[in-house]
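# Structure assessment
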Amino acid sequence: MEQDREKKSLDFIRTIIEEDIKNGKHGGRVATRFPPEPNGYLHIGHAKSICLNFGAAREYGGTCNLRFDDTNPTKEDTEYVQSIIKDVRWLGFEWDDRLYYTSDYFGQLYEYAIKLIENGKAYVDSLTTEEIREYRGTLSEPGRESPYRDRSPEENLELFRGMKEGKFGEGEHVLRAKVDMTSGNLNMRDPVMYRILKQHHHRTGDEWSIYPMYDFAHGQSDSIEEITHSLCTLEFEDHRPLYDWFINALEIYPPRQIEFAKLKLSYTLLSKRKLMQLVSEGHVTGWDDPRMPTISALRRRGYTPGSIRNFCDTIGVTKQDSTIDASLLEHSVRDDLNKTASRVMAVLNPLKVVITNYPDDTTEEMDAINNPEDESMGTRKVPFSKELYIERDDFMEDPPKKFFRLAPGREVRLRYAYFITCTEVIKDDEGNVTELRCTYDPETKGGNSPDGRKVKATLHWVSARHSLSAEVRLYDRLFTEAEPESDKEGRPFTDFLNPDSLTVLSNTKLEPSLREAKPGVNYQFERLGYFYTDPEDSAQGKPVFNRTVTLRDTWAKVRQK
């Protein structure tokens, strides 16, 4: 515990927790929770909250519950429940036997509502939804009291029980807290606690005809679970007085709510509604499309749990809203994969090279290092033969001054193999380069010259006869603008979708070891980037690779331009 805390700077939340422990508050106990609504897929913003809640509990020897706030059956589904459980567990966190649902507490919440009615602190309102909105007032004008506000506790109890028993239709009545219609905080203007919803619930079935509103259920669920530190994002700061009002009115255990700034990431949307729009309008293939910011999409793209946890640790926790540059997330995965991903050679845009002075029927096995950052990963054998493929971008017939790769008459190194010199350029009828003729120096095997001469470039390559053809998907940022929702001219965010966010390559040439690549494995394609065997579309002997991230931040140059 002590060691974990030393790795992190003490943010304001951990400072509060340490002060509470020091003062013996809650008997030194730390209990947090991660409370998602099962109405969509988790995204990178949720990962920040997951790492904070589970991480703080782990650091201080406490507990963190996973609780689904499932109070709206019209939008919830077991599909989302299962995906959330998978995502949290994939990130490296466990909750033992503390998997809870707000629906577990529907009976208790109903009794809490009865108590508030009996004490004259809640009433059944029969205004329509539009009328309630009208009576609520505005930020500059106080609200007006409903004509049903002074119903007797007995009448309210009878009506509320009738709501529960299904005697009324949706929209006929709601239960509201009797707080203060003149409050400057709109959340305190007699908020709705219960509404009638004759919908099938994914866990309770058709048992209930009424469902608690999030603002009523959330704080009381924290109380039932005796949460010590209820960590919420800043938009709930204005809701805290209401949560406290309910706790005080019910005279129940009081959790402490602490708000922090939610994650905002450049070139990214984190609005669940707008992410849904991207899916429903076909801009992406689904919630796990590797261009999406969902955890399932990041996983499919090849991000690792450690890279996301490290990213969340790096950005920290504050109370000030700010936008984090997406390059920081990309740096986190580069840093993680640099230590763990096997290196392989792959040619994405192939140009054939024929080594004219190499024996026709000879194949050599070259020793290649699997990961220079980890000697324990060992080496592998890579076949070398007369005909090879190199990247088309690694050759220029008339190179500019600072181009040091292959050109007519120039010598370069082939990684792990030999020095070669381009002697002839073969073109088609339209003048396109189709093949290079080169010679090799047999004395330079392994990539070094015995006479000490130097070359300025080292190229990766693949033996043509042994190569594997595979589909490679080059993923890039989904948007061209850093803040796609903040256009000054009011254009929709879809106007800034990046047309080059996905390029599919089908004529790639990969080293033969990748023929047996298993789904869900990270690789570094040398000099190109980090790639991941797609877990959905790969088949035995036919892997599909998703680009996780380039080796360098290519968008830095775009911003400079």
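Our subject is the structure that appears above.
Below you will find a few notes about this structure. As the structure is a computational prediction, the values presented were derived from the model and not from experiment.

What counts and what doesn't
- Residues numbered from 1 in each chain as written.
- Predicted model: local features only at pLDDT ≥ 70, side-chain atom pairs only at ≥ 80, totals over all residues.
- Heavy atoms only, no water.
- Helix = DSSP H or I, 4+ residues; strand = E, 2+ residues; numbered from the N terminus.
- Rg over C-alpha atoms; globule rule 2.2 N^0.38 Å.
- Buried < 20%, exposed > 50% of the residue type's maximum accessible area, 1.4 Å probe, protein only.
- Contact = heavy atoms within 4.5 Å.
- Phe/Tyr/Trp six-rings, centres within 6.5 Å; stacked < 30°, edge-to-face > 60°.
- Lys NZ or Arg CZ within 6 Å of the ring centre and 35° of its normal.
- Axes fitted to C-alpha atoms, helices over the stretch in contact; angles between N-to-C directions.
- Parallel < 35°, antiparallel > 145°, perpendicular 65-115°, else oblique.
- Left-handed = near helix turned anticlockwise from the far one by under 90°.
- Nonpolar A, V, L, I, M, F, W, Y, C, P; charged D, E, K, R; others polar.
- Expected span 1.5 Å × (residues − 1).
- Disulfide = S-S within 2.5 Å.
- Pairing = 2+ DSSP bridges.
- Core = buried A, V, L, I, M, F, W, Y, C linked by side-chain atoms within 4.5 Å.
- 1 Å grid on protein atoms, 1.4 Å probe; cavity = no way out; pocket = protein on both sides within 12 Å on 5 of 7 lines; lining within 4 Å.
- Points joined across faces, edges and corners; volume = space filled by probe spheres on them.

### Points about the overall build of the chain
The helix and strand inventory of the chain stands at 14 helices and 27 strands. For the chain, whose C-alpha radius of gyration is 31 Å, the value lies well above the compact-globule estimate of 24 Å for 561 residues. Its C-alpha atoms give the chain principal-axis dimensions of roughly 100 × 55 × 45 Å. Across the 561 residues of the chain, 54% fall into the buried class. Counted over contacts in the chain with a minimum sequence separation of 6, partners at least 24 positions apart contribute 71%.

### Some details on the packing of aromatic side chains
Applying the stated criterion to the full structure yields 22 aromatic pairs. Each ring, one from Tyr-110 and one from Phe-160, has its centre 5.2 Å from the other, and the planes form 20°; the classification is stacked. Taken together, the residues Tyr-110 in helix α5 (residues 106–118) and Phe-160 in helix α7 (residues 153–164) connect sequence positions 50 residues apart. Summarising the burial analysis for this pair, Tyr-110 and Phe-160 share the class buried. By way of ring pairs, the aromatic residues Phe-106, Tyr-110, Phe-160, Tyr-194, Trp-208, Tyr-211, Phe-216, Trp-245 and Phe-246 are connected into one cluster. Against the face of Tyr-267 rests Arg-477, its NZ or CZ located 4.6 Å from the ring centre.

### Here we look at the packing of α5 against helix α8 (residues 214–224)
The angle between the axes and the distance between the axes are what describe a pair of packed helices. Direction vectors running N to C along α5 and α8 enclose 110°, while the axes themselves pass 11 Å from each other. By the criterion of interaxial angle, the relationship of α5 to α8 is roughly perpendicular. When the axes of α5 and α8 are compared, the crossing they make is right-handed. Across the interface between the two elements, Gln-108, Leu-109, Tyr-112, Ala-113 and Leu-116 from α5 touch Phe-216, Ala-217, Gln-220 and Ile-224 from α8. Broken down by class, the residue content of the contact of α5 with α8 amounts to seven nonpolar, two polar and no charged.

### Comments concerning α5
An ideal rise of 1.5 Å per residue puts 18 Å on 13 residues; α5 measures up with 18 Å between its terminal C-alpha atoms. Gly-120, located one to two residues past α5, shows a positive phi value of around 75°.

### Some details on the state of the cysteines
Enumeration according to the criterion identifies zero disulfides in this entry. The thiol sulfur of Cys-64 is not disulfide-bonded, and the nearest other cysteine sulfur, from Cys-51, lies at 11 Å. By relative accessible area, which is 3% here, Cys-64 ends up buried.

### Topic: the pairing of strand β14 (residues 350–355)
Buried residues dominate β14, accounting for five of its six residues. When β14 meets strand β17 (residues 387–391), the two strands line up antiparallel, connected through five bridges. Pairing of Lys-352 across the sheet is with Tyr-389, part of β17. By the bridge criterion, four bridges tie β14 to strand β20 (residues 433–441) in an arrangement that is parallel. Opposite Val-354, over in β20, you have Arg-437 as the bridge partner.

### Structural notes on the side chain of Glu-364
Tracing the chain through its elements places Glu-364 in strand β15 (residues 364–369). Judged by its relative accessible area of 14%, Glu-364 falls in the buried class. Residue contacts for Glu-364: discarding those within four places in its chain leaves Tyr-358, Val-382, Pro-383, Phe-384, Tyr-418 and Lys-445.

### As for the packing of helix α12 (residues 305–315) against helix α13 (residues 326–340)
Put simply, α12 and α13 touch, their axes get as near as 8 Å, and they point 130° apart. With respect to their mutual orientation, α12 and α13 come out oblique. For α12 against α13, the interelement crossing comes out right-handed. Each of Gly-306, Ser-307, Asn-310, Phe-311, Thr-314 and Ile-315 in α12 lies in contact with α13, whose residues at this interface are Leu-328, Leu-329, Ser-332, Val-333 and Asp-336.

### Here we look at the nonpolar core
Counting residues in each nonpolar core, the largest one holds 38 residues, and the members touching the most others are Ile-44, Ile-50, Phe-54, Val-88, Ile-308 and Phe-311. The set of elements that each furnish at least two residues to this core consists of α3 (44–59), β2 (63–68), α4 (78–90), α11 (295–301), α12 and α13. Sequence-distant contacts of Val-88, that is, excluding residues within four places in its chain, are made with Phe-34, Leu-42, Ile-50, Phe-54, Leu-66, Phe-93 and Trp-95. Counting 36 residues, the second-largest nonpolar core is a separate cluster that includes Phe-106, Ile-114, Leu-157 and Leu-197.

### Here we look at empty space enclosed by the protein
Summed over all chains, the structure comprises one cavity of 30 Å³ or more. Space inside the largest cavity adds up to approximately 260 Å³. Lining the largest cavity are 20 residues, and of these Tyr-267, Thr-268, Arg-291, Arg-301 and Arg-477 sit closest to its centre. Of all the secondary-structure elements, those providing two or more residues to the lining of the largest cavity are α11 and α13. For the lining of the largest cavity, the element with the highest residue contribution is α13, accounting for three residues. Of the residues belonging to the lining of the largest cavity, the class tally is 13 nonpolar, two polar and five charged.

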